[in-house]
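The chain contents come next:
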Amino acid sequence: MTIWDRLEEKQAQVSGRTILSLFNGGRAGVFSARMGDLLFDYSKTNIDAETLDLLLKLAADADVFGRRDAMFAGEKINETEGRAVLHTALRNLEGTPVYVDGKDVMPDILATLGRMEAFSTAVRNGTFTGQGGAITDVVNIGIGGSDLGPQMTTLALAPYHDGPRAHFVSNIDGAHIADTLKGLNPETTLVIVASKTFTTIETMTNAKTARDWMAQTVADPAAQFVAVSSAIGKAAEFGIPADRVFGFGDYVGGRYSVWGPIGLSLMLAIGPDNFRDFLHGGAAMDTHFRTAAPAQNMPLLLALVGIWHHQICGYKTRAVLPYDQRLTHLPAYFQQLEMESNGKSVTMDGQPLTRPSGPVVWGKPGTNGQHAFYQLIHQGTDVVPCEFLIAAKGFEPDLAHQHDLLLANCLAQSEALMKGRSLEVARDLMAAKGFTGAELERQARHHVFPGNRPTTTLIYPELTPNTLGRIIAIYEHRVFVEGVILGINSFDQWGVELGKELAVALTPLIKGEESVEGKDGSTRMLVEYILKSS
């Protein structure tokens, strides 16, 4: 019998057991982990000591820590693309050598970081100016990881902003860039074009639109453009000189790239020192992941909880619920991180995956979500494991009473999801309201909460740059662990390519320049509708 079989057998044994019945005086302390001032609580799940032991054996059997060490050592664990996976090197501020093909990549990484810091300082202190004065606004143009990462982190660290205002454009929909540029001053706006190859169609289309907008007012629009790209030649063709091009190696995937040049907009907003603190946070979690005992290893435990819920219990989705308005974009960021990484159907050796791959990841900040979709989480027919994140204190001392309400709501939701409300209690409540007979029974059944719905909580003192760095790194390593256990490659994303290829082919059809013959009936009908409507 395999470990997977034993876990499935265990799940069948405990499926009728309530989470609440597991609690005793010591459960919370055992089924939680700490890393500095971070506390990860997974005691409100149906995982017991035997289950945890099996999950840890599952990780050991998959050689998670061997693969982890290979990743940090620069081995090409992204086997389908023949690449190393070294986003961790971007936050290796100590410069400990990391070799790829026999070359230490750290000198180049640290040199690029130094160039970013020098440029950011020049922009922030007014040494580098626009053609109408000091830079007041920065527009980051990218898509996917080149947008989600810097946008999420910049909003998350709003209390630390003391630089130019940051704006983000990603969608090819012209409304996005039109609405963003509206009201900005072309003479004091800096544009960052974030595309590793400088060929991403959405990004380059928006970049040309921004350049045309700026050219209507300033003599040399390219002088206020910066490229985050490894294609120095293509950036030069666009008009951006090499000293304003910040590149990174192919060992950094887009959804893991906020730690390097893709984070330039964040550095401009919060300053180089706070950006370094952000990097220090990620590096600290790297050290924890590499050195903490398995039963206290936060990324490993988060991954194993995810495996238990999705692959063993069969829960199809996972809700990420930050109780922090400034973490509005965190669910989308983790959605890309997990679904683009582990949304696969074949193993590393190309064989069909025999177990479910990654879950659907979604969410929204509390308390807004409570008035949107928590109804389904509490009383719907599908169980949705919930991952709560919250700071013990906010940044607005005069609004501490509101943060107290936020904390109370967060803790109440996880408690309610676990406890639920029985039919007997619901009957008593309805009787107290004056209902009797059949109507009492009908009303009572509407007020039953099944409960026994699993949650985890990640809590921290406050959302500092260092803390945010650690949180992101936890989830990065969580995705890695899940991928290793499933035997898939978490670092390619071939699934995004086919649609992009077909879009290029469809563009002349939509413009009426080519015939729709040869396309399927649905596509032909839709193209014909577009042509008639335009």
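Source: prediction; values computed, not measured.

## Focus on the overall build of the chain
Helix and strand counts for the chain stand at 20 helices and 15 strands. C-alpha atoms of the chain, sized along the principal axes, occupy 80 × 60 × 60 Å. Sorting the 534 residues of the chain into buried and exposed places 51% on the buried side. Taken as a whole, the chain presents about 23000 Å² of accessible surface, with 53% of it coming from carbon and sulfur. On the chain, the mean spot of the 46 positive side-chain charges and the mean spot of the 59 negative ones are 3 Å from each other.

## Comments concerning the pairing of strand S14 (residues 386-391)
With six of six residues buried, S14 lies mostly within the body of the structure. Here S14 shows two buried faces, one formed by Cys386, Phe388 and Ile390 and the other by Glu387, Leu389 and Ala391. Sheet topology note: the strand S12 (residues 317-322)/S14 ladder contains four bridges and is parallel. Across the sheet, the residue bridging to Val320 is Glu387, located in S14. Pairing of S14 with strand S15 (residues 455-460), which is carried by six bridges, proceeds in the parallel orientation. Directly across from Glu387, in S15, lies its bridge partner Thr456.

## Looking at the side chain of Asp48
Turning to its location among the elements, Asp48 is positioned in the loop between strand S2 (38-41) and helix H3 (49-61). When its relative accessible area of 11% is taken as the criterion, Asp48 is described as buried. Of note is the side chain of Asp48, whose polar atom sits 2.7 Å from the side chain of Thr51. If near-sequence neighbours (up to four positions away) are discounted, Asp48 is found in contact with Lys10, Val14, Arg17, Arg27 and Phe31.

## Some points on helix H19 (residues 497-510)
With 14 residues, H19 extends 20 Å between its outermost C-alpha atoms, agreeing within 8% with the 20 Å of an ideal straight helix rising 1.5 Å per residue. Of all the bends in H19, the largest measures some 30° and sits at Val504, one to four residues before the proline Pro508.

## Details of the sheet that holds S15
Think of a sheet as strands paired side by side through backbone hydrogen bonds, with each pair either parallel or antiparallel. What the six strands build is an open sheet, ordered S1-S2-S15-S14-S12-S13; its pairing is mixed. Strands at the two margins of the open sheet, each flanked by one partner only, are strand S1 (32-35) and strand S13 (360-362). Put simply, the sheet's adjacent strands are angled 15° from each other on average, direction ignored. The pairing of S1 with S2 spans four bridges and is antiparallel. Its bridge partner being in S2, Met35 is matched across the sheet by Leu38. Contacts from helix H15 (residues 400-419) reach S14 and S15, with the element oriented near 160° to S14.

## A word on a nonpolar patch on the surface
A contiguous nonpolar surface patch, about 300 Å² in accessible area, is contributed by Ile510, Tyr529 and Ile530. Here Ile510 lies in helix H19.

## Re the sheet that holds strand S9 (residues 189-194)
Ordered by their spatial adjacency, five strands build an open sheet running S8-S7-S9-S10-S11, and the pairing between neighbours is parallel. Edge positions in the sheet fall to strand S8 (165-169) and strand S11 (245-246), since each of these pairs with one other strand and no more. Summarising the sheet, strand S7 (residues 137-141) and S9 pair through five bridges and their orientation is parallel. Bridging from a neighbouring strand, Asp137 pairs with Thr189 of S9. Packed onto the sheet, helix H6 (residues 145-156) meets S7, S8 and S9 and runs at close to 150° relative to S8. Along the sheet face, helix H8 (residues 201-215) touches S7, S8, S9 and strand S10 (225-228) and points at about 160° away from the line of S9.

## Let's talk about the packing of aromatic side chains
Applying the stated criterion to the full structure yields 17 aromatic pairs. Ring plane angle 80° and centroid distance 5.7 Å describe the contact between Tyr160 and Phe395, whose orientation is recorded as edge-to-face. With Tyr160 in the loop between H6 and S8 and Phe395 in the loop between S14 and H15, this residue pair connects regions lying 235 residues apart in the sequence. On the basis of relative accessibility, which here comes to 26%, the residue Phe395 falls in the partly exposed class. Cluster of aromatic residues (ring-pair linked, three or more members): Tyr256, Phe289, Phe480 and Phe491. Lying across the ring of Phe23, Arg27 places its NZ or CZ 5.6 Å from the centre. Here the guanidinium or amino end of Arg27 rests over the ring plane of Phe31, the centre of that ring lying 4.3 Å away.

## Let's talk about the nonpolar core
Counting 109 residues, the largest nonpolar core has Leu190, Phe278, Tyr460, Leu468 and Ile485 as its most contacted members. With residues up to four places along the chain from it excluded, the contact list for Tyr460 reads Asp37, Leu38, Leu327, Leu389, Ile390, Ala391, Ala392, Thr467 and Ile471. Among the nonpolar cores identified, the runner-up in size contains 22 residues, and Val139, Met214, Ile240 and Val245 belong to it.

## What to know about the pattern of salt bridges
Enumeration according to the criterion identifies 32 salt bridges in this entry. A salt bridge links Lys10 to Asp48; the nearest nitrogen and oxygen atoms lie 2.8 Å apart. With Lys10 in helix H1 (residues 3-14) and Asp48 in the loop between S2 and H3, this pair connects stretches of sequence that are 38 residues apart. With a relative accessible area of 7%, Lys10 lands in the buried category. When the shortest N-O distance is used, the salt bridge between Arg470 and Asp37 registers 2.9 Å.

## Considering the packing of H3 against helix H12 (residues 298-312)
Two elements in contact, H3 and H12, have axes whose closest approach is 10 Å; the angle formed by their N-to-C orientations is 105°. Of the possible angle classes, the one that applies to H3 and H12 is roughly perpendicular. Across from Thr51, Leu52, Leu55, Leu56, Leu58 and Ala59 in H3, the residues of H12 making contact are Leu300, Leu301, Leu304, Ile307 and Trp308. Partitioned by chemical class, the residues of the contact of H3 with H12 number ten nonpolar, one polar and no charged.

So, how was this worked out
Along each chain, numbering runs from 1 in the same order as the chain's sequence is written. Local features in this predicted model are restricted to residues of pLDDT 70 or higher, and side-chain atom pairs are both shown and tallied only at a pLDDT of 80 or more, whereas totals for entire chains, interfaces and linings draw on every residue. To obtain the side-chain values, all non-hydrogen atoms of the structure were used and water was disregarded. By definition, any uninterrupted DSSP run of H or I lasting at least four residues is a helix, any uninterrupted run of E lasting at least two residues is a strand, and each is numbered from the N terminus. Three exposure classes are used, based on accessible area relative to the maximum for each residue type with a 1.4 Å probe and protein chains only: buried under 20%, partly exposed in between, and exposed over 50%. Note on areas: Shrake-Rupley, 1.4 Å probe, and residue coverage restricted to the protein chains presented here. His is not counted, nor are the chain ends; Lys and Arg add positive charge and Asp and Glu add negative charge. The atoms used to mark charge sites are NZ of Lys, CZ of Arg, CG of Asp and CD of Glu. One requirement defines pairing of two strands: DSSP has to find at least two bridges between them. Think of a polar contact as two N or O atoms within 3.5 Å of one another; within protein, one of them needs to be a possible hydrogen donor and the other a possible acceptor, and neighboring residues in sequence only count if both atoms come from side chains. Working rule for contacts: check all heavy atoms of both residues, and any pair within 4.5 Å makes them a contact. Helices are assigned an expected span. That span is 1.5 Å times one less than the residue count. Values of bend correspond, residue by residue, to the angle between axes fitted over the seven residues ending at that residue and the seven starting there. In this analysis an axis means a line fitted to C-alpha atoms, helices contributing only their contacting stretch, and an angle means the value between N-to-C directions, from 0 to 180 degrees. Only residues whose relative accessible area exceeds 30% and that form no salt bridge are eligible for patches; like-charged ones are grouped when within 9 Å, while nonpolar side chains (Val, Leu, Ile, Met, Phe, Trp, Tyr) are grouped when within 5 Å. A pairing counts as a salt bridge when a side-chain nitrogen of Lys or Arg comes within 4 Å of a carboxyl oxygen of Asp or Glu. Within 6.5 Å between ring centres, the rings of Phe, Tyr and Trp (the latter by its six-membered ring) count as paired, and their orientation is classed by plane angle as stacked under 30 degrees, edge-to-face over 60, tilted in between. Charge-over-ring contacts are defined here by two conditions on Lys NZ or Arg CZ: a distance within 6 Å of the ring centre and an angle within 35 degrees of the ring normal. We call a set of buried residues a nonpolar core when its members are Ala, Val, Leu, Ile, Met, Phe, Trp, Tyr or Cys and they connect through side-chain atoms within 4.5 Å of each other. Each angle is binned into one of four classes, with values under 35 degrees roughly parallel, values over 145 roughly antiparallel, values of 65 to 115 roughly perpendicular, and all other values oblique. Under the scheme applied, nonpolar residues are Ala, Val, Leu, Ile, Met, Phe, Trp, Tyr, Cys and Pro; charged residues are Asp, Glu, Lys and Arg; polar residues are all the others, including Gly.

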